[in-house]
Amino acid sequence: MSTTETQGSLRRGLSARHIRFIALGSAIGTGLFYGSSAAIQAAGPAVLLAYMIGGAVIFIVMRALGEMAVRHPVAGSFGQYASRYVGPFAGFLTGWTYTFEMFVVALADVTAFGVYMGFWFPDVERWVWILAIVFVIAAVNLASVKVFGELEFWFSLIKITAIVAMIAGGIAIIVFGLANQSEHAAGVQNLFVDGFAPHGVWGILASLTIVMFAFGGTEVIGITAGEAQDPKKVLPKAINSVPVRILLFYVLTLTVIMMLQPWTTIDGSASPFVSIFDGLGLTGAAHVLNAVVVTAALSAINADIFGAGRMLHGLAEQGHAPKAFQRTTRNGVPFMTVLAMVGALLVGVVLNIWFHDQIFFLIAALATFATVVVWLMILVSHLRMKREIARERWLPSEFPMPFYPVAAWVALGVIGLVIVLIGVMPESRPALVVGVVWLAVLAVCYLVLVRGAGRRRVELVDETAAVPVVGDGPPAVEYEDAARPGE
């Protein structure tokens, strides 16, 4: 019996329906419903260009991840890919940075949840809501992965339905003037108040850091590969839906919002979705939309804990984290990783008490740094895999990245630019400093703490060829109900 089996196995309990809606909802969260205010303030209506650029980059990253995930559908995902194709330290750095990213993004999500609840209960301290939601989401994640998938399905369905209804309602207000009680007339002219790009090229570049934060977490689709019932079939469909999501749920939605009222009226004190409809006199709609953004925050926190938990489980399998993180419940849930994330999130309660006003922007900048480092490692791992495929003459990929290698290098260039921008802008510079310190701490921890199997490349099963891709580490990870070579 393998060590993995002794410790407990993950189960393939996510259906095509679950993964499709996890993909649809993964990038629709705090970054859109709350963080878009800051992006709009930075660039004005020209922020739409930043979302299109960011959307193109994340699609390239997701296609790189998808090609690797279809070939090697494991829960450790890009952490294990980096370990196999770049090196053990790269896997260690990628896995722990992603876990850090999910922790930081979850802090942003619980912070936003507190803000949303303040719309209804302004006299209740924000930390009270944060404390409550941390324990509720913990209970959900300690159930089976099927419960997680079902909850994400309904959360995503609510978000998507609300956004489509908001777009339709916004267009009706613009075209027919329905319920237009604002002092500003709705229309295309609102996109050109003070000019389409009031802060010029710099404004667009400055908004890129917030835009990248908005797309952070989309890579959780790769994490689902280890628990998907048919990863070769469902992952490509989910990933190919990314461009439509970007155009519909970000570009079109924000275009409608900025046409309803001048972008200068979006001050970030509340979600732009809520403030727009509240300003138009549709107070009932504002309450409904606030319920939707609360749902979006819950969905995002749920996915954050899931992603970090599965990555920690994968790190433990590689010898890059304590073996306790391999332990699972009878339902296949790595409960120690969930409890660790919940404990870390309680830090968010303290941070929201101490840094009430500055917390969201600082968290967003930190999350952006961690996100782009993870995306960078995904692209580098993909480049190394493609070279090895060509050198060893393996069977071609079943889901290859389009426009390779030009697309990969362009995406790497944009990601590098975002890292530079984080350091250039005074507001986000502390996040870069913290990020560099984080990477240095990881390097020291790897040298001091990682021994044995953790210093060797992992072995991954190549599902395309149905044979192991030989490394010099421990056997490939086994999963319940997973097809094994020769079966």
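The coordinates are above.
Note on numbering: residues in each chain are counted from 1, in written sequence order. With the structure being a predicted model, the display of local features is reserved for residues of pLDDT at least 70 and the display and counting of side-chain atom pairs for 80 or more, all residues being used for whole-chain, interface and lining totals. The side-chain values count all of the structure's non-hydrogen atoms but skip hydrogen atoms and water molecules.

Visitor: Even after reading the chapter, I still don't get the overall build of the chain, so can you show me in this structure?
Guide: Working definition: helices are DSSP H or I runs of at least four residues, strands are E runs of at least two. Numbering for both runs from the N terminus. Along the backbone of the chain there are 19 helices and two strands. Remark: exposure states derive from per-residue accessible area (1.4 Å probe, protein chains only) relative to the maximum for the residue type, with buried under 20%, exposed over 50%, and partly exposed in between. For the chain, with 487 residues in total, the buried portion stands at 60%. Within the chain, counting contacts between residues at least 6 apart in sequence, those at least 24 apart form 81% of the total. In what follows, residue pairs with any heavy atoms lying within 4.5 Å of each other are defined as contacts.

Visitor: Would you mind showing me how to read the packing of helix H4 (residues 36–43) against helix H10 (residues 200–215) here?
Guide: Between two packed helices, both the angle of their axes relative to each other and the distance between the axes serve to describe the pair. To get an axis, a line is fitted to the C-alpha atoms, and for a helix only the part in contact is used. The angle between two axes follows their N-to-C directions and goes from 0 to 180 degrees. Running from amino to carboxyl end, H4 crosses H10 at an angle of 165°, the nearest separation of the two axes being 7 Å. On the basis of the axis angle, H4 is roughly antiparallel to H10. Handedness of the crossing formed by H4 with H10: right-handed. Each of Ala38, Ala39, Ala42 and Ala43 in H4 lies in contact with H10, whose residues at this interface are Gly203, Ile204, Ser207 and Ile210. The residue makeup of the contact of H4 with H10, split by class, is six nonpolar, two polar and no charged. Note on angle classes: values under 35 degrees are labelled roughly parallel, values over 145 roughly antiparallel, values of 65 to 115 roughly perpendicular, and the remainder oblique. Helix crossings get a hand from a simple test, with the near helix turned counterclockwise from the far one by less than a right angle marking a left-handed crossing and a clockwise turn marking a right-handed one. Only Asp, Glu, Lys and Arg are considered charged, only Ala, Val, Leu, Ile, Met, Phe, Trp, Tyr, Cys and Pro nonpolar, and every remaining residue, Gly among them, polar.

Visitor: Would you take a moment to explain the side chain of Lys386 for this structure?
Guide: Structurally, Lys386 can be placed in helix H17 (residues 359–392). Two N or O atoms form a polar contact when they lie within 3.5 Å of each other; inside protein one atom must be a possible hydrogen donor and the other a possible acceptor, and for residues adjacent in sequence the pair counts only when both atoms belong to side chains. Polar contacts involving the side chain of Lys386 include one to the side chain of Glu67, which spans 3.0 Å. For Lys386, the residues in contact, after removing those within four places along its chain, are Glu67, Pro400 and Tyr404.

Visitor: Whenever I open this one, the nonpolar core confuses me. Can you help?
Guide: Within soluble globular proteins, side chains that are nonpolar tend to cluster in buried spots. Ranked by internal contacts, the top residues of the largest apolar core, which has 140 residues, are Tyr51, Phe78, Met258, Ile378 and Leu379. Here this core gets 18 residues from one element, more than from any other, and that element is helix H7 (residues 88–120). Nonpolar cores were defined as sets of buried Ala, Val, Leu, Ile, Met, Phe, Trp, Tyr and Cys residues, with membership established by side-chain atoms within 4.5 Å.

Visitor: Where do I start with H10 in this structure?
Guide: The end-to-end C-alpha distance of H10, which contains 16 residues, comes to 23 Å, matching closely the 22 Å that a straight helix rising 1.5 Å per residue would cover. The reported bend at a residue is simply the angle between two axes, fitted to the 7 residues ending at it and to the 7 residues beginning with it. At Leu208, H10 shows its largest bend, some 35°. Among the 16 residues of H10, twelve are classified as buried, and the element is accordingly described as predominantly covered. With its phi angle positive at about 105°, Gly217 sits one or two positions after the end of H10. What a helix should span is 1.5 Å times the count of its residues minus one.

Visitor: Explain a nonpolar patch on the surface to me, please; I cannot follow it from the model alone.
Guide: Patch definition: residues above 30% relative accessible area lacking any salt bridge, with like charges linked at up to 9 Å and the nonpolar side chains Val, Leu, Ile, Met, Phe, Trp and Tyr linked at up to 5 Å. Methods summary: accessible areas were calculated by the Shrake-Rupley approach with a probe of 1.4 Å, and residue burial reflects only the protein chains presented. Here a salt bridge means any side-chain nitrogen of Lys or Arg lying within 4 Å of a carboxyl oxygen belonging to Asp or Glu. Taken together, the side chains of Trp120, Phe121, Val124, Trp127 and Val128 define a hydrophobic patch exposed on the protein surface, amounting to about 390 Å² of accessible area. Within the secondary structure layout, Val124 lies in the loop between H7 and helix H8 (126–141). Look at Val124 and you get partly exposed, because its relative accessible area is 34%.

Visitor: Help me understand unusual backbone geometry in this model?
Guide: Glycine aside, the phi torsion of most residues is negative, and most peptide linkages are trans. The residue after Tyr404, namely Pro405, is reached through a cis peptide bond having omega 5°. Relative to the helices and strands, Pro405 resides in the loop between H17 and helix H18 (406–424). Despite not being glycine, Arg393 shows a phi value in the positive range, around 55°. With respect to the element layout, Arg393 can be found in the loop between H17 and H18. Phi is positive for Phe403, close to 60°, though the residue is something other than glycine. Mapped onto the elements of the fold, Phe403 is located in the loop between H17 and H18.

Visitor: Help me understand the environment of Thr371 in this model?
Guide: As for its position among the elements, Thr371 is in helix H17. Look at Thr371 and you get buried, because its relative accessible area is 0%. Through-space distance from the C-alpha of Thr371 to that of Glu219 is 9.3 Å; in sequence the pair is 152 residues apart.

Visitor: Help me understand the pattern of salt bridges in this model?
Guide: When their charged atoms lie close together, side chains carrying opposite charge are able to pair. Applying the stated criterion across every chain yields a total of three salt bridges. Measuring nitrogen to oxygen at the nearest pair gives 2.7 Å for the salt bridge that ties Arg84 to Glu388. Here the residue Arg84 occupies a position in helix H6 (residues 77–85), and Glu388 occupies one in helix H17, the gap between them amounting to 304 residues. You can call Glu388 buried: its relative accessible area is 11%. A salt bridge links Arg391 to Glu392; its shortest N-O distance comes to 3.6 Å. A relative accessible area of 56% places Arg391 in the exposed class. Classification of Glu392 as partly exposed rests on a relative accessible area of 44%.

Visitor: How should the environment of Pro198 be read in this particular structure?
Guide: Relative to the helices and strands, Pro198 resides in the loop between helix H9 (145–176) and H10. Under the relative-accessibility criterion, Pro198 is labelled partly exposed at 27%. With sequence-adjacent residues up to four places away left out, Pro198 is seen in contact with Ala43, Gly44, Pro45 and Trp263.

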